[in-house]
Amino acid sequence: MRAYDPGKIGCYAGWRRYEKNPIIGEQIGEVSDPMVLPIKDRFHLYYSHRFLKKILVAVGENGLDFRPFAEDGVTEEKTESKAYVIGDTFYSDGGDFGYSLIRRPELKWEAAVCQPFVLFAKGKYHLFYTGKRYDPVTDGYDRSVIGHATGNNAMNWMASRQPVLEPDLLWERNAVCYPCVIWDEKEDLFKMWYSAGDIEKPLAIGYSVSRDGEHWEKPYSEPVLKKDNSVLEKERVGACHVLRDGEQYVMFYTAWQDAFKSRICLARSEDGICWERHPNNPIITGGQFGAWDVEAVCRPAAVHLENKWICYYTGCARKNHRIGALIHEGDDLGFCGGPK
C-alpha cells in the first residue's frame, strides 16, 4: 500500500512542504512576502505585515523555525530599545514585533512599505522594498515604486527619501514592485529583477542595473520574463527571486493561471536575461482541501544551503495570508541536461 504523505500534495520535482507550516502567520496576523538572509549562524526572515503596513523581521537558527518577535538585542550596540533609524527621523516603535522598516507618512510614496529584499554588498547591508502611494478618492493604492535603505547591521536602516526605481516604461503602467537584487562582484554591478504592471498582481518581470544601489538604469524596454502560452501562465507572471547558482542564474517565480489561482515555478538562465523554464513546472500548487495554503501559493524566496534548498512562500486560504517553507534535498533542481 502506497504511503500517504500530505506534505507532498501539490509538490513536484523533489519538493515537499515543511511539516510545521506555516512558519509565520497565526501568531501575529496576516503576513506575506518572505525573504531570508543567512547571517553568521542565524537566519533573518524579513516579511510584510499586511495590516500594519510595515516590514518585520524574525530570527531563527535552522532556516525553518523562526521567532516572530524581537527577543534579542536588535542592534550591534546591544541596546534594549526597539527604535530604528529611518531617513532623517529617529522612530521609536514599541510593542513585541521586530520592526525592521516602518513607513514614513510624510512621504506620499510610502503610505505602505512591503516586499523586502536584503543583501550584503560593498561593506554594508542593503534593503530594497516596495513603497505604495495611497489615493483617498478611491480609498486604495494607485502607484508603487521601489525604495532603498542601507545599514551597518541587518536591523537598523537609513532610507533614502526618494524612490530609486519608478514606473516609466509603457508595460510597467503604474507599478514597479517585488525587487530582487544581486551584487555581481566581477562586474561591480547591482542587478535587479523586479515585477511591474499592476500593484497587487504584476504582469511581468523586468531588469535593471546600478553601480551604487541608488541610481538605476533599465537596459531593456521590455520584460525579461513574461507569460507564455501555457494554461499555467495564462494570466501573468511576477514576484520572483533570482539566485546565482554556480555558472547560472536560477529564478523562482509566481505564475497566475487566472486572477485567483497562482503557483510557484522555476526557470534558469546563463545571463539573467533569457530564461528557460523548468520541465516540471510548477514545483508547488495549492495545498490539500482545508489547508492554510489551499487557495494560492505565490511570492517565493529561496536559499541554497549545503545539499539542500529551502523555498519560502506566501500561502492563502479564506483571504488569510501566511508564510510557509518548501524543502528540496540535494543540489540538483532537476533541469534537463544539468547546469546550463
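Below you will find a few notes about this structure.

Calculation rules
Residues numbered from 1 in each chain as written. Predicted model: local features only at pLDDT ≥ 70, side-chain atom pairs only at ≥ 80, totals over all residues. Heavy atoms only, no water. Pairing = 2+ DSSP bridges. Helix = DSSP H or I, 4+ residues; strand = E, 2+ residues; numbered from the N terminus. Phe/Tyr/Trp six-rings, centres within 6.5 Å; stacked < 30°, edge-to-face > 60°. Buried < 20%, exposed > 50% of the residue type's maximum accessible area, 1.4 Å probe, protein only. Salt bridge = Lys/Arg side-chain N within 4 Å of Asp/Glu carboxyl O.

A few points about the sheet that holds strand β18 (residues 248-256)
Right, on to step 1. If you trace the four strands from one edge of the open sheet to the other, you get β17-β18-β19-β20, paired in antiparallel fashion. What marks the edges here is a single partner per strand, and that holds for β17 (236-245) and β20 (276-277).
Right, on to step 2. With two bridges connecting them, strand β19 (residues 262-269) and β20 associate as antiparallel partners. Directly across from A267, in β20, lies its bridge partner R277.

So, the packing of aromatic side chains
Right, on to step 1. In the structure shown here, the tally under the stated rule is 14 aromatic pairs.
Right, on to step 2. A centroid spacing of 6.1 Å and a plane angle of 75° characterise the contact between Y134 and Y141, whose relative ring orientation is edge-to-face.
Right, on to step 3. Taking the relative accessible area as the measure of exposure, Y134 reaches 37% and is therefore partly exposed.
Right, on to step 4. Given the relative accessible area of 28%, Y141 is considered partly exposed.
Right, on to step 5. When the ring of Y207 is compared with that of Y220, the centres are 6.3 Å apart and the planes differ by 45°; the resulting orientation is tilted. Placement of the pair is Y207 in strand β15 (residues 204-210) and Y220 in the loop between β16 (216-217) and β17, with a sequence separation of 13 residues.
Right, on to step 6. By the ring-pair criterion, three or more aromatic residues cluster together here, those being F128, W183, F190 and W216.

Digging into the pattern of salt bridges
Side-chain pairs of opposite charge can arise where the charged atoms are in close proximity.
Right, on to step 1. All told, the structure shown has 19 salt bridges when counted by the stated rule.
Right, on to step 2. The partner of R133 in a salt bridge is D142, and the shortest N-O contact between them spans 3.0 Å.
Right, on to step 3. The class of R133 is partly exposed, set by a relative accessible area of 33%.
Right, on to step 4. Among the residues examined, D142 registers a relative accessible area of 24% and is labelled partly exposed.
Right, on to step 5. Here R277 ties to E233 by a salt bridge, and the two come within 2.8 Å at their closest N and O atoms. Separated by 44 residues along the polypeptide, R277 in strand β20 and E233 in the loop between β16 and β17 bring together distant segments of the chain.
Right, on to step 6. Here E233 falls in the buried class, since its relative accessible area comes to 1%.
Right, on to step 7. Ionic contacts of the salt-bridge type, sharing partners, join the residues R16, E19 and E329 into one network.

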